[in-house]
Amino acid sequence: MSLDFQDLHATLLNLALAESYKCVPSPGAFSVGSVIFLPRSPVTKQLDASGNSRTDGTEDASDPLDELYALLESFFPTLRLASTAELEQAAGRQEEPNIEVQGLILSASYSRALEGNTHAEANALTLLEQKISSLPAQLQHSVLAATGVQSEDPGASPGAVYQAILSRAWMYATMEPCSRRTSGLRSCTDAILASSLKRVYIVSNESFHAGRDSHGISDF
Ligand SMILES: [Zn+2]
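Rules of the game
Residues numbered from 1 in each chain as written. Predicted model: local features only at pLDDT ≥ 70, side-chain atom pairs only at ≥ 80, totals over all residues. Helix = DSSP H or I, 4+ residues; strand = E, 2+ residues; numbered from the N terminus. Buried ≥ 20, exposed ≤ 12 C-beta atoms within 10 Å, placed from the backbone. Contact = placed C-beta atoms within 7 Å. Pairing = 2+ DSSP bridges. Axes fitted to C-alpha atoms, helices over the stretch in contact; angles between N-to-C directions. pLDDT = per-residue confidence, 0-100. Core = buried A, V, L, I, M, F, W, Y, C linked by C-beta atoms within 7 Å. Parallel < 35°, antiparallel > 145°, perpendicular 65-115°, else oblique. Left-handed = near helix turned anticlockwise from the far one by under 90°. Nonpolar A, V, L, I, M, F, W, Y, C, P; charged D, E, K, R; others polar. Expected span 1.5 Å × (residues − 1). Arc of directions from axis to C-beta.

Trainee: Mind laying out the overall build of the protein chain, listing which residues take part and the relevant values?
Mentor: Across its full length, the protein chain holds 10 helices and five strands. Put simply, the protein chain has 220 residues, and 35% of those count as buried. The contacts of the protein chain with a sequence gap of at least 6 include a subset with a gap of at least 24, amounting to 67%.

Right under this line is the structure:
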């Protein structure tokens, strides 16, 4: 049963929205939520086949996403989802729907979740980096091997593992990542561009809310 991407994106954006509800309101600051998702290979293959993907060739048949998923699945929550068509057909059959695992929720965070005037997208990245650093060294090695990253370092570099995982991951955010911070801190757009994140999905443009000259999307 093929997946309806509108269902997948809506589910993940709703998770990001739920994160935004955790924000402590702050005058003049946005309350944003963000989620980082690792899709399983059937999801990316279907996306490529749908023609909606501007693929750069890294999501081809040899992409070892399933191996990566198998390595990480006991450390991160799974996202299970059935297509709307499957739910309707199962209801017609009066049977339980076939709800398939679509991927892993690698990280979720929100504005000001971490100390300081921090942003949702940067926080989601920071939390994932911290989590990956805490994974067993052998597992980090296996992730590098599975993703084809050559590592001479027997201790493995958590930074390399983090980037290897992110290069297969998608970010969801309830608003366009900021492109300029009045505080002088690094913008979320710059943080995302410095990472190897594969895709970013957002709900709305920053300029829609702030009337600002935002260029996060165009920078991507
Ligand atoms: Zn930001």
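Trainee: Kindly report on the sheet that holds strand S3 (residues 100-110), identifying the contributing residues and their values.
Mentor: An order of S2-S3-S1-S4-S5 is seen for the five strands of this open sheet, with the pairing classed as mixed. Of all strands in the sheet, those bounded by a partner on one side alone are strand S2 (78-81) and strand S5 (199-202). The mean inter-strand angle of the sheet, taken between neighbouring strand axes irrespective of direction, is 30°.

Trainee: Can you explain the confidence of the model for the protein chain? Please cite residues and give values.
Mentor: Predicted confidence across the protein chain gives a mean pLDDT of 86, with 86% of residues reaching 70 or more. Averaged pLDDT values over the elements of the protein chain bottom out at 61 in helix H9 (residues 206-210) and peak at 97 in strand S1 (residues 33-39).

Trainee: A description of the nonpolar core should follow, citing residues and the corresponding values.
Mentor: Core analysis: the biggest nonpolar cluster contains 48 residues, and Phe37, Ile165, Ala169 and Ala173 have the highest contact counts within it. For this core, the element with the most residues is helix H5 (residues 120-133), which contributes six residues. Residues contacting Ile165, with those up to four places away along its chain left out, are Leu38, Leu106, Ile132 and Val143.

Trainee: Can you lay out the packing of helix H6 (residues 137-146) against helix H7 (residues 158-166) for me, pointing to particular residues and giving the numbers?
Mentor: The relative placement of two packed helices is expressed as an angle between their axes plus a distance between the axes. It is the contact of H6 with H7, at a shortest axis distance of 9 Å, that shows an interaxial angle of 45°. As the angle between them shows, H6 and H7 are arranged oblique. Classified by chirality, the crossing of H7 by H6 is left-handed. Across the interface between the two elements, Gln140, Val143 and Leu144 of H6 pack against Pro158, Ala160, Val161, Ala164 and Ile165 of H7. Here the contact of H6 with H7 is composed, by residue class, of seven nonpolar, one polar and no charged.

Trainee: Requested: an account of unusual backbone geometry, with residues and values cited.
Mentor: Backbone geometry at Gln94 places phi at a positive 55°, although glycine is not the residue there. Considering the arrangement of structural elements, one finds Gln94 in the loop between helix H4 (84-93) and S3. Overall, Gln94 belongs to the exposed group, with 6 C-beta atoms counted inside 10 Å. Although it is not a glycine, Arg112 sits at a positive phi angle of roughly 65°. With respect to the helices and strands, Arg112 occurs in the loop between S3 and H5. Classification of Arg112 by C-beta neighbours within 10 Å gives buried; the count is 20.

Trainee: How would you explain helix H1 (residues 5-20) if you had to name every residue and give the values?
Mentor: Here H1 is 16 residues long and its end C-alpha atoms lie 22 Å apart, about the 22 Å a rise of 1.5 Å per residue gives. Within H1, the full set of buried residues consists of Leu8, Leu12, Ala16 and Glu19. Projected down its long axis, H1 carries its buried residues within an arc of 70°, all on one side.

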